[in-house]
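Structure assessment
Here is how the chains run, residue by residue.
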Amino acid sequence: MEYLIGIQGPDFVLVAADNVAASSIIQMKHDYDKMFKLSEKILLLCVGEAGDTVQFAEYIQKNVQLYKMRNGYELSPSAAANFTRKNLADYLRSRTPYHVNLLLAGYDDTDGPGLYYMDYLSSLAKAPFAAHGYGAYLTLSILDRYYRPDLSRDEAVDLLKKCAEELNKRFILNLPSFTVRLIDKEGIHDLEKLTLGAK
Amino acid sequence: LAMASGSIPFPTSDCYNLRCSRLETSENNCGVPLHFFIPPLPHSSSFINTPLSSFCPPKNSMTVQKPFRLAHGTTTLGFIFQGGVIAAADTRASAGGLVACPAVHKITPIHSHLVVTSSGSGADCMLWERILIREIRLYQLRHGHRLSIRATAKLLSSMLHPFKGTEMCVALTLCGWDNGPKLIYVCSDGARLQGDVFSVGSGSPYAYGVLDRELRWSLSKGEAISLAREAVFRATHRDAYSGNNVDLFHITKSLESGNVLFDVVHQSRKSKRGKNKS
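Going by what an unreviewed UniProt entry lists, chain B is known as Proteasome subunit beta and is assigned to Haplochromis burtoni. Turning to chain B, the UniProt annotation filed under Subunit (unreviewed entry) states: "Component of the proteasome complex."

Looking up chain A in an unreviewed UniProt entry gives the name Proteasome subunit beta, with the organism given as Haplochromis burtoni.

Below, the structure written as structure tokens:
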């Protein structure tokens, strides 16, 4: 139902998420933002069960900000990803596991850009590109075919558009628009919302 | 709204789920006895729900034998337009195939600038409305100003969180005014959404159909009221579990002279025969 995608370039990470908040068969909102800003250069994209997404993502967000307040410097994306994974794993075998699928994208001043894929079983993988949701079945092969490690920003946005067009064409559910953001050494930039007309 | 007959026995075991431990540490447990607050044997719901499962009750009931299939029959809606916020709801409470009550108030004023429309289980909604009224009033008395509607929604969502995964079912829409019209949907699954138009309940798809066609920001007050009434009426026509009359509330910014802010446009207790149900 929900769709997340991330593409890492040589000095940036491009991420996009759909804008639909659904409740069974009804779209309750068409402009819902699924991205949570953990710090100046880290974004957490979160989909999954209704209340769990916001609760878990806000919990991680506040803890990352608390770390900065206590220690005077921010968590790196790799540390934030591992912290998130640890929390997800701790709750996994409790009575109240969080059923959320995540993408964490960030830019580290020393290590460069990073994209981390996490699923509800708290597996963590650093990947050059990743996607969540049923739409991932349709678009991962496009990413396999056209991705190169040295993509420019425009080429990455074009690759994202290819994926969105494929969803528009073949995915049974209507995902009319996507929020797109780009993270580089300057921080998080909002790009133009990707909207596709009906085919 | 669904009414369940029969009393739920209080759980006798002392081992309560840690999920509710947050309630134990909150001050005074909101004044409610702890064993009343903690749900019996909560279990986590499975994520892979069948598409219409939010309209069907969860199948596993480990403690209480349900006398009949509880249906969450209701049509409620709320939307924002240039003249404020409109909240509308039907007035039928169903218990399976029985109309338990044809004249239920599904829209409840919380304070002078906020109403809440309720759907889901009738008893749960009534309880949580009372708790919300109490908590908002306490906040106002303690801090000297009124809690904003977004904060009210977040407070309600946090109070409902320990019961996630149990059979409690409330889906409330907070419709109100603070520095502008606000409409926020809160449900016991944990969802909290702010938006311009929401419809909740078994009749909501039918109501959305009518609302989406004609809803605009620039509607006049009369047009907005008749649109809300029309949407609920069409939903009650198609949905078996919604019906009887239509309650309508219009919430607007307060007048400086401090007049009554609720414009109870159409609260009809009489059901008319014939095709016009409102």
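What follows picks up the thread again.
**Some thoughts on the sheet that holds strand 8 (residues 112-118) of chain A**
Within a sheet, adjacent strands bond to each other through the backbone by hydrogen bonds, running parallel or antiparallel. Residue and element names in this part refer to chain A. In spatial order, the strands read 5-6-7-8-9; together these 5 strands make up an open sheet with antiparallel pairing. What marks the edges here is a single partner per strand, and that holds for strand 5 (35-39) and strand 9 (124-126). Taken over all neighbouring pairs, the strand axes of this sheet differ in orientation by 20° on average, direction set aside. Against the sheet, helix 1 (residues 50-71) touches strand 5, strand 6 (42-48) and strand 7 (100-108), its axis set at about 15° to strand 5. Relative to strand 7, helix 2 (residues 77-92) is tilted by about 160°, and along the sheet it contacts strand 6, strand 7, strand 8 and strand 9.

**Observations regarding the packing of helix 3 (residues 135-146) of chain A against helix 4 (residues 153-170) of chain A**
Packed helices, taken two at a time, are described by the angle their axes make and the gap between the axes. Residue and element names in this part refer to chain A. Contact geometry for helix 3 and helix 4: axes closest at 9 Å, N-to-C directions at 145°. At the point where helix 3 passes helix 4, the crossing takes the right-handed sense. Between helix 3, through Gly135, Leu138, Thr139, Ile142, Leu143 and Tyr146, and helix 4, the contact on the second element is made entirely by Leu159, Lys162, Cys163, Glu166, Leu167 and Arg170. Classifying every residue of the contact of helix 3 with helix 4 by side-chain character gives 7 nonpolar, 2 polar and 3 charged.

**Describing the pattern of salt bridges**
Across all of its chains, the model carries 21 salt bridges over all chains by this definition. Asp90(B) serves as the salt-bridge partner of Lys106(B), at 2.9 Å between the closest nitrogen and oxygen. On the criterion of sequence distance, the pair formed by Lys106(B) in the loop between strand 4 (98-101) and strand 5 (107-111) and Asp90(B) in strand 2 (residues 84-90) is long-range, its members being 16 residues apart. You can call Lys106(B) buried: its relative accessible area is 0%. Residue class for Asp90(B) comes out buried when judged on its relative accessible area of 0%. Linking Asp178(B) and Lys182(B) is a salt bridge whose minimum nitrogen-to-oxygen distance equals 3.1 Å. Counted as one network, the salt bridges with shared partners bring together Glu2(A), Asp18(A) and Lys34(A).

**What to know about the packing of helix 1 of chain A against helix 2 of chain A**
Residues and elements named next belong to chain A. Interaxial distance between helix 1 and helix 2 falls to 11 Å at its minimum, and their mutual angle equals 135°. One way to sum up the angle between helix 1 and helix 2 is to call them oblique. At the point where helix 1 passes helix 2, the crossing takes the right-handed sense. Contacts between helix 1 and helix 2 involve Phe56, Tyr59, Ile60 and Asn63 from the former and Phe83, Thr84, Asn87 and Leu88 from the latter.

**Some words on helix 4 of chain A**
The end-to-end C-alpha distance of helix 4 of chain A is 26 Å, a good match for the 26 Å that 18 residues give at a rise of 1.5 Å each. Where the residues of helix 4 of chain A are buried, they touch strand 1 (4-8), strand 2 (12-18), helix 3, strand 11 (177-184) and strand 13 (194-195) of chain A.

Reading the values: the criteria
Residues numbered from 1 in each chain as written. Chains lettered and ligands numbered in written order. Predicted model: local features only at pLDDT ≥ 70, side-chain atom pairs only at ≥ 80, totals over all residues. Heavy atoms only, no water. UniProt positions renumbered as here; feature names shortened; annotations may be inferred. Pairing = 2+ DSSP bridges. Helix = DSSP H or I, 4+ residues; strand = E, 2+ residues; numbered from the N terminus. Axes fitted to C-alpha atoms, helices over the stretch in contact; angles between N-to-C directions. Contact = heavy atoms within 4.5 Å. Left-handed = near helix turned anticlockwise from the far one by under 90°. Nonpolar A, V, L, I, M, F, W, Y, C, P; charged D, E, K, R; others polar. Salt bridge = Lys/Arg side-chain N within 4 Å of Asp/Glu carboxyl O. Buried < 20%, exposed > 50% of the residue type's maximum accessible area, 1.4 Å probe, protein only. Parallel < 35°, antiparallel > 145°, perpendicular 65-115°, else oblique. Expected span 1.5 Å × (residues − 1).

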